[in-house]
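So the chains spell out like this:
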Amino acid sequence: MIAEQRIVTERLGIIDPQKIEDYIDHHGYEALRKVLTGMSPADVVDVIERSGLRGRGGAGFPTGIKWKYVSKTPGDQKYVICNADESEPGTFKDRLVLEGDPHTIVEAMIIAGYAVGASVGYIYIRGEYGLSQKRFSHAIRQARQNGYLGEHILKSDFNFEIHVHSGAGAYICGEETALIESIEGKRGEPRTRPPYPTTNGLWNMPTLVNNVETLANVTAIIRNGAEWYHAIGTPSSAGTKVFTIFGKVNSRGFFEVPMGISLRQAIDTFGKGMASGSTFKLAQTGGSSGSLVPPDLLDIPMDFDSFKAGVVMGSGALLICDQNTCVVDLARVLLNFFRVESCGKCNPCRIGNMRAQTILNGIAQGIGTMKDLENLEMIGRYLYEMSNCGLGQTAGSPLRDILTHFRPEVEAHIISKDCLAGVCAMSGQPALV
Ligand SMILES: Cc1cc2nc3c(=O)[nH]c(=O)nc-3n(C[C@H](O)[C@H](O)[C@H](O)COP(=O)(O)O)c2cc1C
Ligand code: SF4
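Draft legend 1. Structural view of a nonpolar patch on the surface. Among the surface-exposed residues, Met-378, Tyr-382 and Met-386 lie close enough to one another that they form a single nonpolar patch of about 280 Å² accessible area. With respect to the secondary-structure elements, Met-378 resides in helix α15 (residues 370-386). Of the residues examined, Met-378 reaches a relative accessible area of 30% and is grouped as partly exposed.

Draft legend 2. Broad picture of the nonpolar core. Membership of the largest hydrophobic core comes to 60 residues, with the highest contact counts inside it found for Trp-67, Ile-105, Met-109, Phe-136 and Phe-160. Sort the elements by how many residues they give to this core and helix α6 (residues 102-116) lands first, with 10 residues. Leave out the neighbours within four places in its chain, and Met-109 touches Val-80, Cys-82, Gly-121, Tyr-122, Ile-123, Phe-136, Phe-160, Ile-162 and Leu-215. Core analysis: the next-biggest nonpolar cluster, separate from the first, contains 39 residues, Tyr-171, Cys-343, Ile-363 and Ala-421 among them.

Draft legend 3. Broad picture of the site of ligand 1. Surveying the vicinity of ligand 1 reveals 18 residues, the closest of which are Gly-57, Lys-66, Asn-210, Asn-211 and Thr-214. Interatomic distance of 3.0 Å between a backbone N/O atom of Glu-86 and an oxygen atom of ligand 1. A distance of 2.9 Å separates an oxygen atom of ligand 1 from a polar backbone atom of Glu-176. Look at ligand 1: alone it shows 610 Å² of surface, and the protein chains cover 88% of it.

Draft legend 4. Focus on the sheet that holds strand β7 (residues 280-285). One open sheet holds the 5 strands; their spatial order is β6-β5-β9-β7-β8, and the pairing between them is mixed. Either end of the sheet is taken by a strand with one partner, and the two such strands are β6 (253-258) and β8 (291-293). Sheet twist, expressed as the mean angle between neighbouring strand axes with direction ignored, is 25°. Here strand β5 (residues 240-247) pairs with strand β9 (residues 317-322) via 4 bridges, running parallel. Counted as the bridge partner of Gly-247 is Ile-320 from β9. Along the sheet, helix α13 (residues 327-341) makes contact with β7 and β8, crossing β7 at roughly 15°.

Draft legend 5. View of the pattern of salt bridges. Evaluation of the coordinates by the stated rule reveals 28 salt bridges. Asp-101 is the salt-bridge partner of Arg-11, the closest N and O atoms lying 2.9 Å from each other. One end of the pair, Arg-11, is in the segment before α1 (20-25); the other, Asp-101, is in the loop between α5 (93-100) and α6, with 90 residues separating them in the sequence. The two residues Arg-11 and Asp-101 agree in class, both being buried.

Draft legend 6. Inspection of the side chain of Ser-315 at higher detail. Tracing the sequence through the fold places Ser-315 in the loop between β8 and β9. Accessibility expressed as a relative area gives 8% for Ser-315, which makes it buried. Within polar-contact distance, the side chain of Ser-315 engages the side chain of Thr-91 at 2.9 Å. If sequence neighbours within four positions are ignored, Ser-315 has contacts with Gly-58, Glu-88, Thr-91, Lys-93, Lys-241, Val-242, Gly-286 and Gly-287.

Draft legend 7. Main features of helix α14 (residues 347-364). Taking 1.5 Å per residue as the helical rise, α14 with its 18 residues ought to reach 26 Å, and the 25 Å between its terminal C-alpha atoms agrees with that figure. Residues of α14 that are buried: Pro-348, Cys-349, Gly-352, Asn-353, Ala-356, Gln-357, Ile-359, Leu-360, Asn-361, Gly-362, Ile-363 and Ala-364. Packing partners of the buried residues in α14 comprise α13, α15, α16 (390-395), α17 (397-405) and α18 (407-415). Of the residues flanking the end of α14, it is Gly-366, one or two places downstream, whose phi is positive at about 85°.

Draft legend 8. Local environment of the domain arrangement of the chain. According to the domain assignment, the chain consists of domain 1 (20-230), domain 2 (240-322) and domain 3 (327-427). Domain 2 and domain 3 are separated by 22 Å when their C-alpha centres are compared. Each partner contributes to the interface: domain 2 provides 10 residues, whereas domain 3 provides 15 residues. Buried surface at the junction of domain 2 and domain 3, both sides included, amounts to about 1000 Å², of which 69% is carbon and sulfur. Its largest share of buried area at the contact with domain 3, domain 2 owes to Lys-281, Ser-288 and Leu-292, together 52% of the area lost on that side. Glu-409 is paired through a salt bridge with Lys-281; the nearest N and O atoms lie 2.9 Å apart.

Cut-off values and rules
- Residues numbered from 1 in each chain as written.
- Chains lettered and ligands numbered in written order.
- Predicted model: local features only at pLDDT ≥ 70, side-chain atom pairs only at ≥ 80, totals over all residues.
- Heavy atoms only, no water.
- Patch = residues over 30% accessible without salt bridge, like charges linked within 9 Å, V, L, I, M, F, W, Y side chains within 5 Å.
- Areas by Shrake-Rupley, 256 points an atom, 1.4 Å probe, with all protein chains shown as cover.
- Salt bridge = Lys/Arg side-chain N within 4 Å of Asp/Glu carboxyl O.
- Helix = DSSP H or I, 4+ residues; strand = E, 2+ residues; numbered from the N terminus.
- Buried < 20%, exposed > 50% of the residue type's maximum accessible area, 1.4 Å probe, protein only.
- Core = buried A, V, L, I, M, F, W, Y, C linked by side-chain atoms within 4.5 Å.
- Contact = heavy atoms within 4.5 Å.
- Near = heavy atom within 4 Å.
- Polar contact = N/O pair within 3.5 Å; in protein donor to acceptor, adjacent residues only side chain to side chain.
- Pairing = 2+ DSSP bridges.
- Axes fitted to C-alpha atoms, helices over the stretch in contact; angles between N-to-C directions.
- Expected span 1.5 Å × (residues − 1).
- Domains from an automatic or database assignment.
- Buried area = accessible area lost by both parts, 1.4 Å probe.

Pasting the structure below:
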């Protein structure tokens, strides 16, 4: 039986998130005090690097290396950005932290600023997250009143300020360079990289961008040490992961476990099994840009490297689907999402998503041909190879996955005009998109 281990979510439901005293009573601001009274910026970067922490925004980039890049890049002004856009469908882990323990992010941002040499931080919070914005703004005010934020923090020579920036509902603004453009007041379109934000970020200055969950690990690592953290999880992916589970399971919500849990364990232990009358058909893991996982991959341990075996961990969203899911319809919904959310800057993504969705519509309506499947494969390849940013590069994943794992079901729509799940447009049911 897998048990929860709470680091990121350790104070959720235990403290009153609106009271700084509660946070302080639960080891709050201890890590900041430790850093400012006995560690150099290089020491802090070293601890984060040795801990093995990797970015929880989806890609798993080693956090210590990113901190080191920013710390070593000269710049009159550097910035720390906390990415709290959290627009990946089905993902709500960052919201839970911001609403339930906002001071841990305030504290981590200050520590990150000290480590990389930044004096200004921004948090970019998803526009729909009104309560997160309110709680976080309140936490900033309290931290300032208590000497943890502003000038001469804890009577040291270190100054740091944090600004809250609200998103406005665009998925692409979670991509770090589009987010930076958005803070600068421009249209949220990803930049061409390199250069990366570590050298040319906000206002063209060295900028550290980290996800909420990434930062939520920082204070515990500073307090307990790199070795403690590194011993948790799998060899390539240290620490815990917060997962959100929903769909056809008995219990929906979130849980935090050491890296390496399999989908089967997640469903059985935290989803409390498949819902009555439901048989597992597939799971969408890691959100829209993740993977569609068939039953034979249920036992793959999930971490940042499990994508090689066909299971993307990504943001940790686990959508569990049963026998009533049509894979053609599911792919149509996902491609529609990417079509709508594409910023339109580059052709492969702007046109490719639209073309793929049109082809899938035809297949679902019974007018598809076998040539369509070749075209879908080609579009998926072009999206991956030629798109400017991660949105386009991952948009072809559902196409790849349905054609790899569920090809006979897709072909049945073309050859025998049959929807095996009995739910898509050709079966007389209303189309989802
Ligand atoms: C289309 C798209 C959307 C993204 N959305 C988010 C998001 O909502 N939150 C997030 O932290 N990272 C998101 N990312 C990843 C960020 O670009 C970036 O890698 C991340 O914030 C870095 O933080 P980390 O190293 O702590 O993971 C997104 C990337 C892409 C391509
Ligand atoms: S891949 Fe899509 S979202 Fe990314 S820059 Fe190109 S058009 Fe915009």
